[in-house]
Each structure stands twice: as structure tokens, then as C-alpha cells.
Amino acid sequence: MVRFKVKGTPLRGLLGATLGFFFGFAAVSLYGPSATRLKDAMDLSPALVGLLVAIPSLTGSLLRIPFGAWVDVTGGRKPFLILLGLSMLGLGGITILLNVTYPDDMHGLFPLVIFFGMLSGCGIATFSVGVGQTSYWFPRKNQGMALGTYAGLGNLAPGIFSLILPLYLQHFGFISAYFAWFIFLVTGAVVYYFIGVNSYYFQYKKTGRSIQESVEKSKELGQELFPSGDIKTSLVRSVKSFNTWKLILLYFTTFGGFIALTAWFPVYWTEFHGFNPLTAGLYTAIFSILASLIRVTGGTISDRMGGERTSLISLVTVLFASVLMIYADTHWLNFTATIILAAGMGVNNAAVFKLMPQYVPEAIGGAAGWIGGLGAFGGFVFPPLLGDIVSFSGTKGYAEGFIIFSILSALCILVLLLKKKTKPD
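None of these values were measured; they are calculated from a predicted model.

(A) Here's a closer look at a nonpolar patch on the surface. A contiguous nonpolar surface patch, about 290 Å² in accessible area, is contributed by L163, I164, L282 and I286. Of all the secondary-structure elements, those providing two or more residues to the nonpolar patch are α9 (156–172) and α15 (277–305). Within the secondary structure, I286 sits in helix α15. Exposure remark for I286: the relative accessible area of 31% places this residue in the partly exposed category.

Structure, rendered in C-alpha cells:
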């Protein structure tokens, strides 16, 4: 057999996955801020505008399931590059379309815009791929730190770009922004191509070695976690586990809530508190960036305290903050509540992926796909529900809408307490 030398280190594996996810997630940041311009150009109804804004998130959530499972077969590198490539096609396609047709010739082009939005959303699906790729690089005792760092820094994209985009659109224009973001995504894909690397097991397996030999050689280098089975096996085995569904519920509540509130808070602050768009964007960015950054700390805390205990404490925090959001009567108290809410959601998001390799060690990629995909689906579900509450209750519905997170966090706490009696952390 040809002499073979493995490449990379756990740190490089973590860096590559984090950068790939950051660039992929940032690629769809334009759809929300530019929705009003597309609405006017195509004469869209509010429902169609909602679909336009949500479609990248929907695609990015659902594709996390199969692509996350694919990691168990091929490692993360190939799925990462395919998803980033599809996202480039989407963002590049809509950039060309806008240059040719905007604003006078866009009537009837809504299906094509939606199609490009679906492709652009593929970059969001890199999350579950990076979870699996990162997990296989690190031992069990460091999973919380590694995955907290990966998700925390990668998730910074929405918060950072909610600050940058309004200023960019104001100074450089609408179509220019799409071209700039396309170049940004291409740069990110190139960076990942040179930095991203699979764990030792997948490198050995690619050389034609048997699974047993690949496992043995990888163990010598410190790898602890290994996949078992193909994509179907990974998905089926993980979806049959009660623990997978428990983690889906936890992640649906706090990561789905994070995505949803990042989109909802600009409306909340402008309509409920009367802030101007720039101030509303700043408050939203503070929530989003804090909820992302604290995942890094949350992962380290999970390594020390255990995932279940960390998750339980963070969900109690989410419950408290949600109730405070309902009854607070000043914007400063509401802002304080959003800070607490961001901390609770961010730490729980880290704790979930500390628990995943512990709960479903035989199918990490499949579990990451289900948890990341169905959990992120909350970002598509919650905003219409919050809007319906406002439609039903009027302005006070902006406060009453947080009953959704109060109920879900209480349910998560109950599930954790019941399960903890039968399964120690």
C-alpha cells in the first residue's frame, strides 16, 4: 500500500469548519434587508414577502438532515464544498438577475427569485456538516468546548451583518450589495477548500484501508468517535433514539428561537417601542452576537458541569426572561430581558451539542442532521406565530408573543427532569 501521511490537527479541523459555516451562514443575510425593494419591484403581497424572506432558512434547515448524515460516510469536506457551491450558484444567479432586470422588468420573476433563494440557503445547511466534522476531531471530554466554539463563532454572521448591511445598502446600493456578498461567499469557499480537513479516520478510509484498520490507526492518533453504517443507517439509527428527539426539542426552542428573534426583533423594537431602524438593528445585533458568542463559554461550562445540568440551568433562565418580556413595561427592562434571554438560549445551544455525542455516539452525523435541521426549523415556524398573536391582540401582542418561549422552555425543563431520573449526565 502506498505510504500515507495524515493531514491536519483538531485545531485546523475546528478552524476550517467554523470558517466554512460562518461564510455559508452569512450568504443569505441580504434577503431580509432587501425584501422591501423586491416587494416593490415585483408587487408582492405580504405573504409572498414572508415566503421570500423565509425560503433560504427553510432550505438551509431541511438540508441539514441528509448532509449531516452524509458526514458519517465521507467526512465533512465534500458536503461542505457542495453546499457552499450551491449557495454560490444561488447568490450569483440572483446577482445577475437583478443586474439585468431590476427594477422595471421583474414582474413574473418571483418563482426564479425563490429558486435562487433556495439555492442560497444551502449555505445554512453547512451547520450540521460542521458539527459532525468537528465532533470526530475531538475526544468526548472536549466536545462541549469544540462544538461551542464552532457554533458560537460561526453563528456570529447574522448579528455582524445586521449591523453592516443597513450601512452598506445606504452607501453603496442594493445591487452592489449582492455582488459584494457573492464575492464574500466565493472567498469563503476558497478559504475552506485550503483549510478544511476531515478527521484521521476518513483520511485513512479514503486510501482504501479497511474500516477496522482505519479505526485502529486513528485511535493511535487520539481519535475517539467513529461512525457506523451508511447515510440511511445513520439517519434511521439516530431518529429511533428518544435522546435525539429530546435534543431536537431543546434545540428547536433555543436555536429556533434565536433565529426567529434575530428576524423578529427589528419589527418588535420599531413597532412596540417606536425605535428607528438603526437603533432597532443595534439592539437586535446585541442580542444575536451575545447569543452566539456565549456558546463558546457555554461549551466550556458544559464540559465542566455536564450537559444536562448546564441545559437545565439555561432553560430556567430562558423561562424567566420570557416571562419578564411579557410583563416588562419599559424598554430598558425589555432590553435587560433580551440580554438574559440571549444568554440562556446561547448556553443551551452549546449544551445540546455537548450531549449529542454522549447520547448518540454511534450516529453523530445523523443526529447532527436531525437536531440541526428540525431544531433550526423553529426559525421558520416562530415568526408567523408571533405575527398572528400581534394580529389577534394588537400592539400588546408583541409582549404576549413571548408566551411561546415560556411554554416551550417549561416543557423542555420537564423533559430534562424526567429523563435525568433514568439517565445520569
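From this point, the narrative continues.
(B) Examining the pattern of salt bridges more closely. Applying the stated criterion across every chain yields a total of four salt bridges. A salt bridge links E213 to R209; its shortest N-O distance comes to 3.5 Å. With a relative accessible area of 12%, R209 lands in the buried category. Residues K354 and D303 are paired through a salt bridge, measuring 3.0 Å at the closest nitrogen-oxygen approach. Of this pair, K354 sits in helix α17 (residues 331–359) while D303 sits in helix α15, and the two are 51 residues apart along the sequence.

(C) Region of the structure containing unusual backbone geometry. With an omega of 0 degrees, the peptide bond between Y102 and P103 qualifies as cis. Inspection of the secondary structure assignment puts P103 in the loop between α5 (77–101) and α6 (110–120).

(D) Up close: the nonpolar core. One finds Y178, L261, F353, M356, I371 and F402 to be the most contacted residues of the largest nonpolar core, which totals 122 residues. Residue contributions to this core peak at 14 residues, all from helix α14 (residues 242–273). Beyond its immediate chain neighbours, meaning those up to four positions away, M356 contacts V131, S135, L247, P361, I364, A367, A368 and I371.

(E) Fine view of the packing of aromatic side chains. The full count for this structure, using the stated rule, is 39 aromatic pairs. Summarising the aromatic geometry, the rings of Y251 and F255 are spaced 4.8 Å apart at their centres and angled 5 degrees between planes, so their arrangement reads as stacked. On the criterion of helical spacing, the pair formed by Y251 and F255 is a turn pair, its members being four residues apart in helix α14. The two residues Y251 and F255 agree in class, both being buried. Note that R77 overlies the ring of Y193, its terminal NZ or CZ placed 4.8 Å from the centroid.

(F) Summary view of the packing of helix α7 (residues 126–137) against helix α18 (residues 364–376). Between α7 and α18, whose axes approach to 8 Å, the crossing angle comes to 145 degrees. With respect to the hand of their crossing, α7 and α18 are arranged in right-handed fashion. Contacts between α7 and α18 pair F127, S128, V131, G132, S135 and Y136 from the former with I364, G365, A368, G369 and G372 from the latter.

(G) Molecular detail of the side chain of R295. Counting through the fold element by element, R295 comes out in helix α15. Buried and without a salt bridge, R295 has D303 as its closest oppositely charged side chain, separated by 13 Å. A polar side-chain atom of R295 sits 3.3 Å from a polar atom in the side chain of Y251. Residue contacts for R295: discarding those within four places in its chain leaves F127, G148, A151, G152, N155, Y251, F255, G346, N349, A350 and F353.

Rules used in this analysis
- Residues numbered from 1 in each chain as written.
- Predicted model: local features only at pLDDT ≥ 70, side-chain atom pairs only at ≥ 80, totals over all residues.
- Heavy atoms only, no water.
- Patch = residues over 30% accessible without salt bridge, like charges linked within 9 Å, V, L, I, M, F, W, Y side chains within 5 Å.
- Areas by Shrake-Rupley, 256 points an atom, 1.4 Å probe, with all protein chains shown as cover.
- Salt bridge = Lys/Arg side-chain N within 4 Å of Asp/Glu carboxyl O.
- Helix = DSSP H or I, 4+ residues; strand = E, 2+ residues; numbered from the N terminus.
- Buried < 20%, exposed > 50% of the residue type's maximum accessible area, 1.4 Å probe, protein only.
- Core = buried A, V, L, I, M, F, W, Y, C linked by side-chain atoms within 4.5 Å.
- Contact = heavy atoms within 4.5 Å.
- Phe/Tyr/Trp six-rings, centres within 6.5 Å; stacked < 30°, edge-to-face > 60°.
- Lys NZ or Arg CZ within 6 Å of the ring centre and 35° of its normal.
- Axes fitted to C-alpha atoms, helices over the stretch in contact; angles between N-to-C directions.
- Left-handed = near helix turned anticlockwise from the far one by under 90°.
- Lys, Arg positive; Asp, Glu negative; His and termini not counted.
- Polar contact = N/O pair within 3.5 Å; in protein donor to acceptor, adjacent residues only side chain to side chain.

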